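# Residue-level structure breakdown
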Amino acid sequence: MQPVLPVHIVARILLVLLLAAGIYFFRGFLVPVLAALIVGFASWPLYSRWVNVCGGRTTLAASGALAFITLVLIVPLSAALYFAINEVTHLLVWLIAANKEGMSAPAWISALPLVGERLGGYWDEYLGQPHALGGMVELVSGQHIGNIYRLILSTTGNVFHILLTVLFMLITLMFVYKDGHRMVGQLDILGERVLPLRWQHLSRVIPATISSTVTGMGLIAIGEGVVLGSAYWIAGVPSPVLLGVITAVMAMIPGGAPLACGLVSLYLVGSGEPLTGAALFAWGSIELFIVDKTLRPRLVGGPVKLPFLPTFFGLVGGVTTMGFIGLFIGPVLMALIVALWREWVFEVQQKTEQPPS
């Protein structure tokens, strides 16, 4: 009696089911594993040089690379998030008190040139009455302002889960660094089997895409957040760490960092400090011009220049599904989708333009 399905088809179905079961049972580790792979891809050229410095000892090189990443990235980012969440908590406490009694338009809004009087009138009309601010927040976000405050408090209390995620990411990154060459060799074998005609090209495009996206969007955004956040602190702006984090996130979107710096400068002008506001705006314009014209073209050398809409969707979708780490994972996944889409379109165009034989 002959089998209903060929043996190789049954083997492939069982393999797919096994992979699906593995993804289902280990889906809790998906975020740290993706983060480790992205960091490993982005830093692999520098890590390869570091391995040569260490005499080819991958265990020593991987340990040193993890120590460097922890001291240079994880510790400063954790400190910035800690202070930013504290500032958000104080801001929400103030907003809850203002919502209870009503809140008149701040003086700096009414003092804004050209639009201050109209904005002040809108503020008094829609936010000046008791509980009007809470109604506006609920209309925009769908959550009561008290629920948002409790969500922030629960985020600060979930430190153990965040630490576990970072720990799993570092453990995975250790093995990515240590055994990366063997992993790449196995992926090449599998890729040549699945995509024999396109794998050699895709295996070069995908790492370059990940590296350029993380370097161009991640590192530059962090740098702009640090530089402009320090400028906010020097200018005496309230909550400079929170505004620096917001600026870093907005810097991932084209035109986001200039918008953030311009709004903070307008706040200073409306607060009765026009010289400080003008100085901050001038400093931000010079810094952003230097970054966009000199550093960004050199750092972002990959094959994919991500448009605005995929970048925005990647940021929002990443944060919604994966939390803070999604700020980096989301745009990387969107960059991969755009790269694969362009490769597919290019291949179809080539086949269409070929003359019939």
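## Considering the overall build of the protein chain
Scanning the protein chain from terminus to terminus reveals 15 helices and 0 strands. Buried residues in the protein chain amount to 32% of all 357 residues. In the protein chain, 68% of the contacts between residues at least 6 apart in sequence involve partners at least 24 apart. Carbon and sulfur atoms make up 73% of the accessible area of the protein chain, which totals about 22300 Å².

## Here we look at the nonpolar core
Nonpolar side chains tend toward joint burial in soluble globular proteins. Of all hydrophobic cores here, the largest spans 24 residues; its most connected members are Ile38, Tyr47, Met169, Leu173, Tyr177, Ile210 and Val214. Looking at this core, the elements with two or more residues in it are helix H2 (30-53), helix H3 (58-101), helix H8 (159-178), helix H10 (199-235) and helix H15 (326-353). Among the elements that make up this core, the one with the highest residue count is H2 (7 residues). Residues Met217, Val237, Val264 and Leu315 belong to the second largest nonpolar core, which totals 18 residues.

## Quick word on the packing of aromatic side chains
Taken as a whole and judged by the stated rule, the model has 3 aromatic pairs. An angle of 45° between the planes, with centres 5.2 Å apart, marks the rings of Trp44 and Tyr47 as tilted. A residue pair is termed a helical-turn pair when its members lie 3 or 4 positions apart in one helix, as Trp44 and Tyr47 do in helix H2 at 3 residues. Of the two residues, Trp44 and Tyr47, neither departs from the other in class, the shared state being buried. Look at Trp44 and Tyr177: their rings are 6.5 Å apart centre to centre, the planes differ by 25°, and that puts the pair in the stacked class.

## Looking at the environment of Tyr82
Structurally, Tyr82 is set in helix H3. With 159 residues separating them along the chain, Tyr82 and Val241 place their C-alpha atoms 9.5 Å apart.

## Description of the confidence of the model for the protein chain
Per-residue confidence for the protein chain averages 75 on the pLDDT scale, and 72% of its residues sit at or above 70. Per-element confidence in the protein chain is highest for helix H11 (residues 240-251), whose mean pLDDT is 84, and lowest for helix H7 (residues 145-157), whose mean pLDDT is 54.

## Points about the environment of Arg57
Mapping Arg57 onto the fold places it in the loop between H2 and H3. Accessibility expressed as a relative area gives 53% for Arg57, which makes it exposed. Separated by 121 residues in sequence, Arg57 and Lys178 have C-alpha atoms that sit 8.9 Å apart. One polar contact links the side chain of Arg57 to the main-chain carbonyl oxygen of Cys54, over a distance of 3.0 Å.

## What about the pattern of salt bridges?
Summed over the entire model, instances satisfying the criterion amount to 2 salt bridges. Lys178 is the salt-bridge partner of Asp179, the closest N and O atoms lying 3.6 Å from each other. Given a relative accessible area of 15%, Asp179 falls into the buried group. Note that Arg182 is salt-bridged to Asp179, the shortest N-O span being 2.3 Å.

## Regarding the side chain of Thr247
Relative to the helices and strands, Thr247 is located in helix H11. Judged by its relative accessible area of 1%, Thr247 falls in the buried class. Residue contacts for Thr247: discarding those within four places in its chain leaves Leu228, Tyr232, Ala257 and Ala260.

## Here we look at a nonpolar patch on the surface
A cluster of nonpolar side chains, namely Tyr24, Phe25, Phe26, Phe29, Val33, Leu37, Phe41, Leu167, Phe168, Ile171, Phe175 and Met183, defines an oily patch on the protein surface of about 1100 Å² accessible area. Within the residue set of the nonpolar patch, elements represented by two or more residues are helix H1 (7-25), H2 and H8. Broken down by element, the residue count for the nonpolar patch peaks at 4 residues, all from H8. Here Phe168 shows up in helix H8.

## Focus on the environment of Trp283
On the secondary structure map, Trp283 appears in helix H13 (residues 274-299). For the pair Trp283 and Ala231, spaced 52 residues apart in the sequence, the C-alpha separation amounts to 8.2 Å. Look past the residues within four positions of Trp283 in its chain and what remains in contact with it is Val227, Leu228 and Ala231.

## Here we look at unusual backbone geometry
Positioned with a positive phi, Ser239 is a non-glycine residue whose angle comes to about 55°. Relative to the helices and strands, Ser239 resides in the loop between H10 and H11.

## Notes on helix H12 (residues 256-270)
Compared with an ideal rise of 1.5 Å per residue, which puts 15 residues at 21 Å, H12 spans 21 Å between its outermost C-alpha atoms and is within 8% of the ideal. Residues of H12 that are buried: Gly256, Ala257, Ala260, Cys261, Gly262, Val264, Ser265, Leu268 and Gly270. Following H12 by one or two positions, Gly272 has its phi on the positive side, about 90°.

## What about H11?
With 12 residues, H11 should reach 16 Å at 1.5 Å per residue; the first-to-last C-alpha distance of 16 Å fits that figure. Taken residue by residue, H11 has Pro240, Leu242, Gly244, Thr247, Ala248 and Ala251 as its buried positions.

Quick notes on the rules
Residues numbered from 1 in each chain as written. Predicted model: local features only at pLDDT ≥ 70, side-chain atom pairs only at ≥ 80, totals over all residues. Heavy atoms only, no water. Helix = DSSP H or I, 4+ residues; strand = E, 2+ residues; numbered from the N terminus. Buried < 20%, exposed > 50% of the residue type's maximum accessible area, 1.4 Å probe, protein only. Contact = heavy atoms within 4.5 Å. Areas by Shrake-Rupley, 256 points an atom, 1.4 Å probe, with all protein chains shown as cover. Core = buried A, V, L, I, M, F, W, Y, C linked by side-chain atoms within 4.5 Å. Phe/Tyr/Trp six-rings, centres within 6.5 Å; stacked < 30°, edge-to-face > 60°. pLDDT = per-residue confidence, 0-100. Polar contact = N/O pair within 3.5 Å; in protein donor to acceptor, adjacent residues only side chain to side chain. Salt bridge = Lys/Arg side-chain N within 4 Å of Asp/Glu carboxyl O. Patch = residues over 30% accessible without salt bridge, like charges linked within 9 Å, V, L, I, M, F, W, Y side chains within 5 Å. Expected span 1.5 Å × (residues − 1).

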